[in-house]
Amino acid sequence: MKPTNYHLFDFLDFDTELLRNESLWKAYKPTAVYEKEGDIYVTVPFQKQKLANDMMADTDVPQEEYTLIIRQYNIGITRLFLGFGDYVLTDESEMLQFSDRIQKVPLFIKEQKGKWILSTEDGTKRAIINVEEPLLDRWSELLPDPQETLDITLYPDGKREIRLSAYDHFSPPRYDALPVAFCKRDGRKERATLSFECKPDECFAGTGERFFKMDLSGQTFFLKNQDGQGVNNRRTYKNIPFYLSSRMYGTFYHTCAHSKLSLAGHSTRSVQFLSDQALLDVFVIGGDTMEDILRGYRDLTGYPSMPPLWSFGVWMSRMTYFSADEVDEICDRMRAEHYPCDVIHLDTGWFRTDWLCEWKFNEERFPDPKGFIGRLKKNGYRVSLWQLPYVAENAEQIDEARANDYIAPLTKQQATDGSNFSALDYAGTIDFTYPKATEWYKGLLKQLLDMGVTCIKTDFGENIHMDALYKGMKPELLNNLYALFYQKAAYEITKEVTGDGIVWARSAWAGCQRYPLHWGGDSCSSWDGMAGSLKGGLHFGLSGFAFWSHDVPGFHTLPNFMNSVVVDDVYMRWTQFGVFTSHIRYHGTNKREPWHYPTIAPLVKKWWKLRYSLIPYIVVQSKLAIESGYPLLQALILHHPEDKLCWHIDDEYYFGNDFLVAPVMNSENRRDIYLPEGKWVNFFTGERLEGACWLRDVYVPLEEMPVYVRANAVIPIYPEDVDCTDEMDLSKSIALRIDNDYKGFWNR
């Protein structure tokens, strides 16, 4: 559909021909405000509008009244809830996992002329509900007066001022945003919207793994998980209904419905949210730092858990290894040539038929799976296995799955979607809303984990069969939430059997950060693929996730998806990027082992050894991350939100709290580098630099990478070369002091 640039059609999704039986209901000023059990209840009348692009109240239809609930939490979080008579406020949700820091605090009402002021017991103002008439100097009757509005200003932490978009209109009929409204279709409440004011210079970030520039201002996103099919488009595997603002607040929309989020996009005066469900449950989080706000989000939705030590080593994979002999040969060679590595991943080729996921090894090509896995473990390798949450028509388990409703019964046949590169027909989606189906799935994984497998790649999960009957939820609500059910099941059984809580996941929604870890999907082995991956990782870290990885050196090639050659400099530069990421895995459609790139293989080995030297630092920063709001891969705005330049830099990042990393993403081996405020030391040369400046057109040879570390930082490193983390004793770690005597890592 071509855009109309009108709010009713482009944002609220009304039929442009106005032929559907639907109506818009606009919030008016409250008629009552009262306290109940520490919450504030606001009676809000809604007036039906005539079905026209020019808004006009349909006064022939009686108003409908609904109750807005305002709840305050002690750590600078204000909650707005409006169920429109169909839903009640509850903390029971797969997305919510309140920390011990979350405590509801009572609100008190003070009525003044034209206002209700809501405060906590200590007198801190938390909201103002304004019903005062606007000041007028009336001289014309040419246009009608604007309709009543809902005018509420929030102060979630007592400092930040966040106001509903009470007056985002041109002339009274021409609205560009509404503070609160809902829609009906065929007499049923169907959609709901809520909008906040934004400032002309306000910037935004987060919203999931967003493959966009750092400042998302001016963008409107459809929050529906889908196969991203690359990292350079509007599709994404991981939508998170949460954003950060440069005004030092964040907003979490507690929903799993398909939604829209417009960050000063449709209107530059408003942040607008539209849910396909007539339910609004919104948490507004204030904070003095970006980390405060992200921690508040984790306080609501859960903290990440600590991945095992071995997961921080190198993972080796490709699509795909087909036999035990092939895997043994690769693993033996890595050990013989001292390429340190901890994980070997088997992708789609370990089954009876490539891509035919039956959760069983091919008996001819893997005749003794348990022995095979055991031998690898003795040699320091963990085994990770690919699978997916669908059952194919010709899979061994199809009859059992259908007979017991372990897959949701289809109401009509559907075409395969996304990056399924096989010709298989997936007959159904495992129904994780059904406890018996979840236990059945866990049983399939347990057989593999009991053999010694240590990680399950929970691939896919963005798309589900939409024309299917799931036992616990409608598919329109399950679609986004499916990733959370899926990854939780795999994580729980993995931790139960192995003691290590870990998955390797592609899709995500709010709450999935509790079940690490996630990777960035199917990027191209190119400079734009690398740049897109980094953009996605930065926004993902600003969406509550601590751990994130990406396929080194990209997943597929161009112009031939499977068969074009990966060039040496892309492989090398992406390796450097991977070394300074929370997790590093080589994977893709063709050769990934470093000896296939003989010109750079010795250099790759050197950087892998650097990775293992840094593991003590990575562990320390990971422990900090799981108890705070920090990710490992940190956008510059996390430390410098007041620096307007940092809101426009998406090709540099902090790695933990001490390293500043500027990957080279071109064949010219040159780039501009921004050093934010502070004193910096080149990690490899020891050169000392003062921040808040640009280094222009810096030449960086292929064997080097611009990496800086805070002056006077103390970096724990491992002093010995190892082949895997099994050979590491972290008590042997030493302190690398970035003082005046430091001459660079390679010059120690």
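Residues numbered from 1 in each chain as written. Predicted model: local features only at pLDDT ≥ 70, side-chain atom pairs only at ≥ 80, totals over all residues. Heavy atoms only, no water.

### Points about the overall build of the chain
Here is the rule: Strands here are runs of E lasting at least two residues and helices are runs of H or I lasting at least four, both read from the DSSP assignment and numbered beginning at the N terminus. Each residue is assigned to one of three classes by its accessible area relative to the maximum for its type, calculated with a 1.4 Å probe on protein chains only: buried under 20%, partly exposed between the two thresholds, exposed over 50%. Contacts: residue pairs with any heavy atoms within 4.5 Å of one another. For every accessible area listed, the method is Shrake-Rupley and the probe measures 1.4 Å; residues are considered covered only by the protein chains on display. By the counting scheme adopted, Arg and Lys are positive, Glu and Asp are negative, and His together with the chain ends is not counted. Charged side chains are reduced to one point each, which is NZ for Lys, CZ for Arg, CG for Asp and CD for Glu.
Looking only at helices and strands, the chain features 10 helices and 41 strands. Projecting the C-alpha coordinates of the chain onto the three principal axes gives extents of approximately 85 × 70 × 50 Å. Buried residues in the chain amount to 64% of all 748 residues. Residue pairs at least 24 apart in sequence account for 71% of intrachain contacts in the chain once pairs closer than 6 positions are excluded. Counting every atom, the chain has about 27,700 Å² of accessible surface; 49% of that belongs to carbon and sulfur. For the chain, the distance from the average position of its 82 positive side-chain charges to the average position of its 105 negative side-chain charges is 1 Å.

### A short note on the sheet that holds strand S32 (residues 633–634)
Test applied: Whether two strands pair depends on DSSP finding at least two bridges between them.
Ordered in space as S32-S33-S34-S39-S36-S37, the six strands form an open sheet in which the pairing is antiparallel. If you trace the sheet from one side to the other, it starts and ends with S32 and strand S37 (688–690), each paired once. Both S32 and strand S33 (residues 653–655) contribute to a ladder of two bridges, which runs antiparallel. Its bridge partner lying in S33, Gln634 is registered against Tyr654.

### Concerning the state of the cysteines
Applied cut-off: Disulfide: a pair of cysteine sulfur atoms within 2.5 Å of each other.
Tallying each qualifying case throughout the model produces zero disulfides. In this structure Cys331 is not part of a disulfide, and its nearest cysteine sulfur, from Cys341, lies 6.7 Å away. Under the relative-accessibility criterion, Cys331 is labelled buried at 1%. Between Cys455, a cysteine without a disulfide, and Cys341, which holds the nearest cysteine sulfur, the sulfur-to-sulfur distance is 13 Å.

### What about the domain arrangement of the chain?
Formally: As used throughout, domain bounds are those supplied by an automatic or database domain assignment. Accessible area, probed at 1.4 Å, shrinks when two parts are joined; the buried area is that loss added up over both. Residues are grouped as follows: nonpolar covers Ala, Val, Leu, Ile, Met, Phe, Trp, Tyr, Cys and Pro; charged covers Asp, Glu, Lys and Arg; every other residue, Gly included, is treated as polar.
On domain assignment, one finds that the chain holds domain 1 (7–134 + 148–197 + 249–286), domain 2 (316–386 + 433–461 + 502–636) and domain 3 (643–738). One C-alpha centre belongs to domain 1, the other to domain 2; they are set 43 Å apart. Contact with domain 1, which involves eight residues of that partner, is made by four residues of domain 2. Contact between domain 1 and domain 2 buries roughly 420 Å² in total, counting both sides, with carbon and sulfur atoms accounting for 49%. A per-residue breakdown of the area domain 1 buries against domain 2 is headed by Glu94, Met95 and Gln97, which together make up 66% of the total. In the side of domain 1 that touches domain 2, the residues fall into five nonpolar, two polar and one charged.

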